[in-house]
Amino acid sequence: EHIRFVMGFARAGDVTAEEYAAAKPDAIAQFGPGVAKHMNDDHRSSTIAMVGKYIGVDVEDAEITSLDSLGMFVKVRRKPKAADQYQEFKLRLPFTQQLQERKDLHTVIVEMSKASAEFMPKDVAEKTEA
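Scoring rules and cut-offs
- Residues numbered from 1 in each chain as written.
- Predicted model: local features only at pLDDT ≥ 70, side-chain atom pairs only at ≥ 80, totals over all residues.
- Heavy atoms only, no water.
- Helix = DSSP H or I, 4+ residues; strand = E, 2+ residues; numbered from the N terminus.
- Buried < 20%, exposed > 50% of the residue type's maximum accessible area, 1.4 Å probe, protein only.
- Contact = heavy atoms within 4.5 Å.
- Areas by Shrake-Rupley, 256 points an atom, 1.4 Å probe, with all protein chains shown as cover.
- Lys, Arg positive; Asp, Glu negative; His and termini not counted.
- Charge placed at Lys NZ, Arg CZ, Asp CG, Glu CD.
- Pairing = 2+ DSSP bridges.
- Axes fitted to C-alpha atoms, helices over the stretch in contact; angles between N-to-C directions.
- Parallel < 35°, antiparallel > 145°, perpendicular 65-115°, else oblique.
- Nonpolar A, V, L, I, M, F, W, Y, C, P; charged D, E, K, R; others polar.

*Asks:* Can you lay out the overall build of the protein chain for me, pointing to particular residues and giving the numbers?
*Replies:* Across its full length, the protein chain holds five helices and five strands. Secondary structure of the protein chain in N-to-C order comes out as β-β-α-α-α-β-β-β-α-α. Each principal axis of the C-alpha distribution contributes one length, and for the protein chain these read about 60 × 40 × 20 Å. By residue count, 31% of the 130 residues in the protein chain fall in the buried class. In the protein chain, once contacts between residues fewer than 6 apart in sequence are set aside, the share between residues at least 24 apart is 41%. If you sum the accessible surface of the protein chain, you get close to 8900 Å²; carbon and sulfur atoms cover 51% of it. When the 18 basic and 21 acidic side-chain charges of the protein chain are each reduced to a single mean position, those positions are 3 Å apart.

*Asks:* Describe in detail the sheet that holds strand S3 (residues 61-68), supporting the description with residues and values.
*Replies:* In spatial order, the strands read S3-S4-S5; together these three strands make up an open sheet with antiparallel pairing. Two strands lie at the open edges of the sheet, namely S3 and strand S5 (87-94), each paired on one side alone. Taking the axes of each pair of neighbouring strands and ignoring which way they run, one obtains an average angle of 20° across the sheet. The pairing of S3 with strand S4 (residues 71-78) spans seven bridges and is antiparallel. Residue pairing across strands places Leu67 opposite Met72, the latter belonging to S4.

*Asks:* Could you give me a rundown of the packing of helix H3 (residues 44-55) against helix H4 (residues 102-115), with the residues and numbers involved?
*Replies:* Direction vectors running N to C along H3 and H4 enclose 70°, while the axes themselves pass 8 Å from each other. Taken together, the axes of H3 and H4 lie roughly perpendicular to each other. In this structure, H3 contributes Ser46, Met50, Lys53 and Tyr54 to the contact, and H4 contributes Ile109, Met112, Ser113 and Ala115. Class assignment of the residues belonging to the contact of H3 with H4 gives a composition of five nonpolar, two polar and one charged.

*Asks:* Pulling in residues and values, what's your account of the environment of Met72?
*Replies:* Of note, Met72 is situated in strand S4. With a relative accessible area of 0%, Met72 lands in the buried category. Residues Met72 and Ala36, spaced 36 residues apart in sequence, show a C-alpha to C-alpha distance of 9.0 Å. When sequence neighbours within four positions are dropped, the list of residues in contact with Met72 reads Met50, Ile64, Ser66, Leu67, Leu91, Arg92, Leu93, Phe95 and Ile109.

Shown next as structure tokens:
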């Protein structure tokens, strides 16, 4: 026997019953909603900067929608240079390492934020330099 997952457009997969039974919950996902809210409310510019550094996409807004031990899903908004309308889409921002514990989550996000300082939105970078 096997289990078939259908997760939306063009996303599906199979696992055996043994694989399913042996699976463990993600160690970080339970902390995701609280961490996402904190980052979205207080450190949104850091998320924008991390998207710029680690994904290579310049965005005007970035909202973390979920986190797990491997990274985060981020809803971003940008206005392409040759367009007059904004684009919104989700992307996957991987962590620099797989996380095992909640304290790892804080450590890695702080490290990634610091490493992304050069990608900080100009209006925020100017305020922090003043």
